[in-house]
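Architecture and fold: a report
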Amino acid sequence: MEPTAREIENVRRALRHPRADPIAWGAVTAGGYSPAHRWVVTLDDGRTVFAKVATDEMTASWLRDEHVVYSVLRGASFMPGYVGFSDDGDNPVLVLEDLSAAYWPPPWTTPRIEGLLAALREMWSTPPPERTARAEDDAREISGGWEEIARAPEGFLSLGLCSAEWLSTHIEALRDSANGARFDGDAFLHFDVRSDNVCFRPGGDAVLVDWNLTAVGNPQIDVVFWLPSLAAEGGPAPEVVLPDAQPGLVSACASFFCARAGRPPIPAALRVREVQLVQARTALPWAARVIGLPQPL
């Protein structure tokens, strides 16, 4: 894949402050589930940068949201370095530090798990940009998966995560627990923590990428929603990392992944349902354990 003339010009505009010119382009095809184009761009001064280019209205909106976060939190150790931004009204471009040389898990190690938790604690105490969304405003969308499954269980049951009998017996307990989840709080949240959004610089510092879903709320949200993917990637069981997980949040997490994994594929992001299913396989048994239900059969 080669960049279009418009992409080249938009990236050049985003680089106006560093005053460098792109001379070589390498497409980034690993990681990321949106249709945005991603490039490692070599500049005429010898540096390399990472450029993310919107390809539709959805990715354009996400990049604009990310740019707001970078504008306010520029220089934070848990974020990539900010290089530049350009918006032609259709296909905005965000240019950031090239993290190609960083370590991208999995596999995970105990020091890296602890390093990410330390970065999250620093992030939670960081003042958010003005008008950042409140996590509780999205609580019904996040935790409403059990209602969705109760109305039409066929898609979820087709995943083979549990029997119809187990679901019918325990869905009320799962739903009641998720409805009691506490989303409110004052922490600045990434709201999309998983391995493909995390890397580690050579010195060991954890860096989070993709900042378009930030919110203010309960800090346990970031950890609870990360742990199913961590366990699926060979890491410890969720209880080892977060022994005091709030049961309502765990059930809400399970409802989120279980409901979405059973939905039809997304044409523009075909791998998303597969990733959600992987997380559901850990989240559902975890929810059963913390609520005190029998394991799914």
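This report concerns the structure included in the present document. Since this is a predicted model, take the numbers as computed values, not measurements.

1. Quick notes on helix α8 (residues 220-232)
- Relative to the 18 Å expected for 13 residues at 1.5 Å per residue, α8 spans 19 Å between its end C-alpha atoms, a close match to the ideal helical length.
- Within α8, 11 of the 13 residues are buried, leaving the element largely enclosed by the surrounding structure.
- Directly after α8, the chain includes Gly 234, whose backbone phi takes a positive value near 90 degrees.

2. Let's talk about the packing of helix α3 (residues 110-124) against α8
- Running from N to C, α3 and α8 point in directions that differ by 160 degrees, and their axes come no closer than 12 Å. The orientation of α3 relative to α8 falls into the category roughly antiparallel. Relative to α8, the crossing made by α3 is right-handed. Where α3 abuts α8, its residues Ile 113, Leu 116, Leu 117, Leu 120, Met 123 and Trp 124 lie against Asp 222, Val 223, Trp 226 and Leu 230.

3. Regarding helix α10 (residues 247-261)
- With 15 residues, α10 should cover 21 Å at 1.5 Å per step; its first-to-last C-alpha distance of 21 Å lies within 8% of that length.
- For α10, the tally of buried residues reaches 14 of 15 residues, placing the bulk of the element in the interior.

4. Quick notes on the environment of Gln 279
- Relative to the helices and strands, Gln 279 resides in helix α11 (residues 272-291).
- A relative accessible area of 5% means that Gln 279 is categorised as buried.
- With 47 residues separating them in the primary sequence, Gln 279 and Ala 232 have C-alpha atoms 6.9 Å apart.
- Beyond its immediate stretch of four places on either side in the chain, Gln 279 contacts Phe 225, Pro 228, Ser 229 and Phe 257.

5. Side note on unusual backbone geometry
- Across the junction of Pro 105 and Pro 106, the peptide omega takes the value 5 degrees, indicating a cis bond.
- A cis amide bond links Pro 106 to the next residue, Pro 107, at an omega of 0 degrees.
- Within the secondary structure, Pro 107 sits in the loop between β5 (93-97) and α3.
- A positive phi angle is found at Phe 191, which is not glycine, with a value near 75 degrees.
- Secondary-structure assignment places Phe 191 in the loop between β6 (187-189) and β7 (198-200).
- You will see that Asp 210, though not glycine, has its phi angle at about 65 degrees, which is positive.
- For Asp 210, the position within the fold is in the loop between β8 (206-208) and β9 (215-217).

The rules behind each value
Residues numbered from 1 in each chain as written. Predicted model: local features only at pLDDT ≥ 70, side-chain atom pairs only at ≥ 80, totals over all residues. Heavy atoms only, no water. Helix = DSSP H or I, 4+ residues; strand = E, 2+ residues; numbered from the N terminus. Expected span 1.5 Å × (residues − 1). Buried < 20%, exposed > 50% of the residue type's maximum accessible area, 1.4 Å probe, protein only. Axes fitted to C-alpha atoms, helices over the stretch in contact; angles between N-to-C directions. Parallel < 35°, antiparallel > 145°, perpendicular 65-115°, else oblique. Left-handed = near helix turned anticlockwise from the far one by under 90°. Contact = heavy atoms within 4.5 Å.

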